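# Inside the fold
Listed below are the residues making up each chain.
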Amino acid sequence: MLLLLNQYSKGRFAWFLLFFSTLAFEIIALYFQHSLGLAPCTLCIYQRCAILGIMLASIVGLIAPRNIIVRLIGILIWMISAYKGFLLATFHAHLQFEPNLSDTCSINAQFPSWFPLDSLLPSMFKAYGSCADKIWTFLTIEMSQWMIIIFACYLIFGLAVLISQIFPSPKGSIWNK
């Protein structure tokens, strides 16, 4: 399986699938926000940024998937974004299901002054919901819990792709034809 993941990581199609999955999650998030009227909280916005980080990783991988340095940079961005998103989603679920008095969630997203996403694209990055609100469930699982599952899948799959880079592709690679 690791040899197969190594081969797939050297082709653009796998990186396109990663891009497409993150694009789908971003479109779904915007649908929830603008069509269903679900107010995103600060942690939702940060998780949205983590998904965009994985999207950036897929674009890096799409640029030159056969170049090991470019591919490793893409995988590294993927892993960091997935890990950060996992931590944010876990904290979000903690705020919803086991809140402590010391746990807080800021009212506004804090972006760097040199890249204020909430000012540049307020329809996508402006937080106006409460982190503690449980606003959507599917199959009895809250949205923050779904995001834990999604980021865990990205993290596990990214780790498998990273480990697969150790194994050389066989000469008869499917991408060499």
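The notes below deal with the structure included here. Numbering of residues begins from 1 in every chain and follows the order in which that chain's sequence is written. For a predicted model such as this one, the threshold for reporting local features is a pLDDT of at least 70, and the threshold for listing and counting side-chain atom pairs is 80 or more; totals across whole chains, interfaces and linings nevertheless cover every residue. In computing side-chain properties, one takes all heavy atoms of the structure into account and sets aside hydrogens as well as water.

## What to know about the overall build of the protein
Segments assigned H or I by DSSP are reported as helices when at least four residues long, segments assigned E as strands when at least two residues long, and all are numbered from the N terminus. From N to C terminus, the protein includes 7 helices and 2 strands. For the protein, the N- to C-terminal ordering of α and β elements is α-α-α-α-α-α-β-β-α. Counting only C-alpha atoms, the protein reaches 55 × 35 × 30 Å along its principal axes. Working definition: with a 1.4 Å probe on protein chains only, accessible area under 20% of the residue-type maximum means buried, over 50% means exposed, and in between means partly exposed. Evaluated residue by residue, the protein yields a buried proportion of 38% over its 177 residues. Once local pairs closer than 6 in sequence are excluded, the contacts in the protein between residues at least 24 apart make up 80%. Residue-level accessible areas treat just the shown protein chains as cover; the underlying method is Shrake-Rupley with a 1.4 Å probe. Just so you have it, the protein exposes about 10100 Å², and 73% of that area is on carbon and sulfur atoms. Working convention for charge: Lys and Arg count positive, Asp and Glu count negative, and His plus the chain ends are omitted. The atoms used to mark charge sites are NZ of Lys, CZ of Arg, CG of Asp and CD of Glu. Treating the 10 positive side-chain charges of the protein as one cloud and the 6 negative ones as another, the clouds have centres 26 Å apart. Contact between two residues is taken to exist if any of their heavy atoms lie within 4.5 Å; hydrogens are not considered.

## A short note on helix 2 (residues 12–34)
For helix 2, built from 23 residues, the straight-helix expectation of 33 Å at 1.5 Å per residue is met to within 8% by its first-to-last C-alpha distance of 32 Å. Within the span of helix 2, buried status applies to Trp15, Leu18, Thr22, Glu26, Phe32 and Gln33. Contacts made by the buried residues of helix 2 are with helix 1 (2–9), helix 3 (42–63), helix 4 (68–97), helix 6 (122–125) and helix 7 (143–164). Expected span, for any helix, means 1.5 Å times one less than how many residues it has.

## Let's talk about the packing of aromatic side chains
Stacked, edge-to-face and tilted are the three classes for Phe, Tyr and Trp ring pairs, Trp counted by its six-membered ring, which pair at centre distances within 6.5 Å; planes under 30 degrees apart are stacked, over 60 edge-to-face, the rest tilted. Overall, the coordinates contain 7 aromatic pairs when judged by the stated rule. Measuring from centroid to centroid gives 5.9 Å for tryptophan 15 and tryptophan 78, while their planes differ by 75°, and the two rings are edge-to-face. Residue tryptophan 15 is found in helix 2, and its partner tryptophan 78 is found in helix 4; the two are separated by 63 residues along the sequence. On the basis of relative accessible area, tryptophan 15 is assigned to the buried category, the value being 2%.

## Thoughts on the environment of tyrosine 83
Tracing the sequence through the fold places tyrosine 83 in helix 4. Overall, the relative accessible area of 46% leaves tyrosine 83 in the partly exposed class. Taking C-alpha positions, tyrosine 83 is 9.7 Å from isoleucine 156, a pair spaced 73 residues apart along the chain.

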